[in-house]
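Each chain, written out:
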Amino acid sequence: MRCGPGTGQDFVDESFTGTSFTGTAQCLLAPTDPFPRGFVLRRHAPAVVVAPPGGTVAEQARPAHIRSPHPGREVSAVTRPARRDPSKLVDARGFRDFVRDGWGEGDREVRLAPGAAAAAATHRARLSAALPGTRIAVASGWAPVRSNDSDYDFRPDSDFSWLTGCGSEGAVLVMHPVGGGHEAELFLREPAGPAEPDFFANARDGELWIGPVPGLAEWSAALGLRCRALHELPSALRGRLPAVHATTGVDPLLDALAGGDHTAELRRVLAELRRVKDDWEIEQLQAAVDATIRGFADVAAELPTAIGGGGERWLQGTFDRRARTEGNGPGYSSIVAAGPHAPVLHWVRNDGRVPEDSLLLLDAGVEVDTLYTADITRTLPVSGEFSAAQRQVYDLVARAQVDALAAVRTGADYRGFHQAAMRVLAEGLHDWGLLPVSVDEALSGDGQQHRRYIVCGVGHFLGLDVHDCANSSAEAYHDGRLETGMTLAVEPGLYFHPNDLTVPPELRGIGVRIEDDVVVTPEGPRVLSSALPTTPEALEAFVRNAAS
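Thresholds applied
Residues numbered from 1 in each chain as written. Predicted model: local features only at pLDDT ≥ 70, side-chain atom pairs only at ≥ 80, totals over all residues. Heavy atoms only, no water. Helix = DSSP H or I, 4+ residues; strand = E, 2+ residues; numbered from the N terminus. Buried < 20%, exposed > 50% of the residue type's maximum accessible area, 1.4 Å probe, protein only. Contact = heavy atoms within 4.5 Å. Areas by Shrake-Rupley, 256 points an atom, 1.4 Å probe, with all protein chains shown as cover. Polar contact = N/O pair within 3.5 Å; in protein donor to acceptor, adjacent residues only side chain to side chain. Core = buried A, V, L, I, M, F, W, Y, C linked by side-chain atoms within 4.5 Å. Pairing = 2+ DSSP bridges. Axes fitted to C-alpha atoms, helices over the stretch in contact; angles between N-to-C directions. Parallel < 35°, antiparallel > 145°, perpendicular 65-115°, else oblique. Left-handed = near helix turned anticlockwise from the far one by under 90°. pLDDT = per-residue confidence, 0-100. Phe/Tyr/Trp six-rings, centres within 6.5 Å; stacked < 30°, edge-to-face > 60°. Arc of directions from axis to C-beta. Disulfide = S-S within 2.5 Å.

**Details of the overall build of the protein chain**
Per the secondary structure count, the protein chain includes 16 helices and 22 strands. Taking all 548 residues of the protein chain together, 50% fall into the buried category. Of the contacts made within the protein chain by residues no fewer than 6 positions apart, 68% connect residues no fewer than 24 positions apart. Of the accessible surface of the protein chain, which amounts to about 24100 Å², a share of 51% is contributed by carbon and sulfur atoms.

Written out as structure tokens, the structure reads:
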């Protein structure tokens, strides 16, 4: 690959196509010029140096090279690792001539959930109203590297998904200010046709390797957006005015072109807009919850196999299969915590045994194809019956859940349900003799002794992210009030670690959490996960019936 300091046109060397490398490729290009047609930003060349607005490439020019991870040592850009396939098909004229022709149209259909494009258009209109007169650029991002040349599955940035409904890797949405709002256009990588070497030589993106993907026309028809080739993006972001609000840290190309002066403000605005869900979004969350409940039933049915040796791994695989069958996959790292692992808040190793006399704390959620996720927790008696000590802890947490849900309604303080749950828990712990101070002192800001047994909060926003809207200001989150259409996970619990000497021996190793997904309404919470039982008697029956 040659990265030239001239006009930016001496850019692509086909002999390098399909070859990955490590380090940072410095490719100099003026933001006023579109990328050459053959150029596609790849994950293995993540940094692009672009002349600043008002500057020239010549002012920024320096020899193109790949930086070595070893200081003081430079590696030539033509240095390449060994190939798995020792042949060089890109140099075989006979192969290239033969592979170029004789191809029919592939299946490039965009599969969107009904209503997705209309919902995204509504979301863009809300953002436009919140940031009038500004240019806005939001990137979908790239799949992170798992190891070497293997990637994790791609999932688009949540703000990008909320604004577009598009699942294409490396895409960028740009919203241009116009009279009365914004005009949106989507920049995408065009599929490489059979005449291009990437068609056969790029194992990460070539269609002979990964299959046909939608092109610009297909995405435009599906989303109702103007779609342009990604190499035209620099021309859309040229100049300093109007200011560009961009989501940096997601795509190195957008970082280079737009900078990050307004990133925090854009992320905050988007997070606060996303707090209140529309009817379509609530439908997606209900679908995610319903699939999750079926996944919990699958897990309960597999408890005998887990007891017999499959362990937590077997149960994790059971739920993950349901999540992948009914959606995009798990919405976050599933917590499958049996026995002494149940008090561990984020037990995601899921590699332990499942003792027959233990509790199983299952915290998991299906992320549906529109990327909305459920977040539900139930604590199941593995044998189908709670012991006396397990029931004692469970009953206290269940009372805390009832009081927390009663505090969820339009206009209530966000902190209200948290405080309601904490009071119940502190009173119960005090009654058991586990607090060294009074309930009121424990609940005071300088007390909090009860938090030894619940160091986490008891709820959060829920939506496209399991901990949704995290970039909101404090005034719009913990210090704010609940609004109609907000969606929450409410999750009180108690966690007595097996090595905690402050609790009686019979309680050590018991962890209980009850988590439901709710929508805020003026009348109180609409519990999306109400079909999954929470009372101890109903949970015992749930386990016994599933196992039989």
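**Overview of the side chain of H460**
Within the secondary structure layout, H460 lies in strand β17 (residues 459-461). Among the polar contacts listed, one links the side chain of H460 to the side chain of D375, at a separation of 3.0 Å. A distance of 3.3 Å separates polar atoms of two side chains, one belonging to H460 and the other to E491. Ignoring any residue separated from it by four or fewer positions in sequence, one finds H460 in contact with D375, Y414, V466, H467, Y477, T487, L488, A489, E491 and E515.

**Comments concerning the nonpolar core**
By size, the foremost hydrophobic cluster in this structure holds 117 residues, and its most contacted members are L127, L186, L360, L488, L494 and F496. No other element matches the ten residues that helix α11 (residues 279-301) contributes to this core. Dropping the residues within four chain positions of it, F496 is found in contact with P343, V393, L429, W432, L434, Y453, V503, L507, R508, G509 and I510.

**Regarding the sheet that holds strand β21 (residues 516-521)**
Sheet architecture is open: four strands sit in the order β17-β18-β21-β22, paired in antiparallel fashion. Because the sheet does not close on itself, it has two edges, and the strands there are β17 and β22 (524-527). Shown here is a sheet whose adjacent strand axes are inclined to one another by a mean of 35 degrees, direction ignored. As paired elements, β17 and strand β18 (residues 487-490) share three bridges and run antiparallel to each other.

**Let's talk about the sheet that holds strand β14 (residues 359-364)**
Spatially, β13-β14-β16 is the arrangement adopted by the three strands of the open sheet, whose pairing is antiparallel. A strand with exactly one partner marks an edge of an open sheet, and here the two such strands are β13 (335-338) and β16 (376-381). Sheet twist, expressed as the mean angle between neighbouring strand axes with direction ignored, is 10 degrees. Examined bridge by bridge, β14 and β16 share six bridges and lie antiparallel to one another. Looking across to β16, one finds that L361 is bridged to T379. On the sheet, helix α12 (residues 303-326) packs against β13 and β14 and is oriented at approximately 160 degrees with respect to β13.

**Section: the pairing of β21**
The buried fraction of β21 is high, at six of six residues. Burial along β21 is two-sided: D516, V518 and V520 facing one way and D517, V519 and T521 facing the other are all buried. Alignment of β21 against β22, held across four bridges, turns out to be antiparallel. Its bridge partner being in β22, V520 is matched across the sheet by P525. Linking two consecutive strands that pair antiparallel, namely β21 and β22, is a turn of two residues.

**A closer look at the environment of D198**
Structurally, D198 is set in helix α5 (residues 198-201). The exposure class of D198 is buried, given its relative accessible area of 14%. In the structure, D198 is positioned eleven residues away from W209 in sequence and 9.9 Å away in space, judged by C-alpha atoms.

**Focus: the environment of D369**
Note on placement: D369 falls in the loop between β15 (366-367) and β16. Measuring from C-alpha to C-alpha, the distance between D369 and N328 comes to 4.8 Å, with 41 residues separating the pair along the chain. In this structure D369 touches G327 and N328, once residues within four positions along its chain are discounted. From its side chain, D369 meets the backbone nitrogen of N328 in a polar contact 3.3 Å long.

**A short note on the packing of helix α3 (residues 116-130) against helix α10 (residues 263-274)**
Relative orientation of the contacting elements α3 and α10 amounts to 130 degrees, with a least axis distance of 11 Å. With respect to α10, the element α3 is oriented oblique. At the point where α3 passes α10, the crossing takes the right-handed sense. Taking contact as the criterion, the partners of R126, L127 and A130 in α3 are, on α10, L266, V269, L270 and L273.

**Here we look at the confidence of the model for the protein chain**
Mean pLDDT over the protein chain: 87, with 85% of residues reaching 70 or higher. Low pLDDT, under 50, characterises residues 1-78; the stretch is placed with 148 contacts to residues that sit more than four places away or in other chains.

**Examining unusual backbone geometry**
Even without glycine at this site, L371 takes up a positive phi of about 80 degrees. Judged by relative accessible area, L371 falls into the buried class, the value being 7%.

**So, the packing of aromatic side chains**
Pairs of aromatic rings are described using the distance from one ring centre to the other and the angle between the two planes. Per the stated rule, a full pass over the model turns up ten aromatic pairs. Relative to Y477, the ring of Y414 has its centre 5.3 Å away and its plane inclined at 90 degrees; by these criteria the two rings are edge-to-face. Within this pair, whereas Y414 is found in the loop between α13 (388-406) and α14 (415-431), its partner Y477 is found in the loop between β17 and β18, the two being separated by 63 residues in sequence. Their ring planes at 40 degrees and their centres at 4.4 Å tell us that F461 and Y477 sit as a pair that is tilted. Within this pair, whereas F461 is found in strand β17, its partner Y477 is found in the loop between β17 and β18, the two being separated by 16 residues in sequence. Judged by its relative accessible area of 1%, F461 falls in the buried class. Through a chain of ring-to-ring contacts, the aromatic side chains of Y414, F417, F461 and Y477 assemble into a single cluster.

**Thoughts on helix α7 (residues 216-223)**
Turning to α7, its buried residues number three or more, namely L216, W219 and L223. Across the axial projection of α7, the buried residues extend over an arc of 70 degrees, all falling on one side. Facing away from the buried side of α7, by more than 90 degrees, are the exposed residues A217 and A221. G224 sits one or two positions beyond α7 and adopts a positive phi of about 70 degrees.

**Brief notes about the state of the cysteines**
Going through the model one piece at a time under the given rule, you end up with zero disulfides. Looking at C227, it has no disulfide partner, and the nearest cysteine sulfur is the one in C166, 7.3 Å off. Relative accessible area serves as the criterion here: at 14%, C227 is assigned to the buried category.

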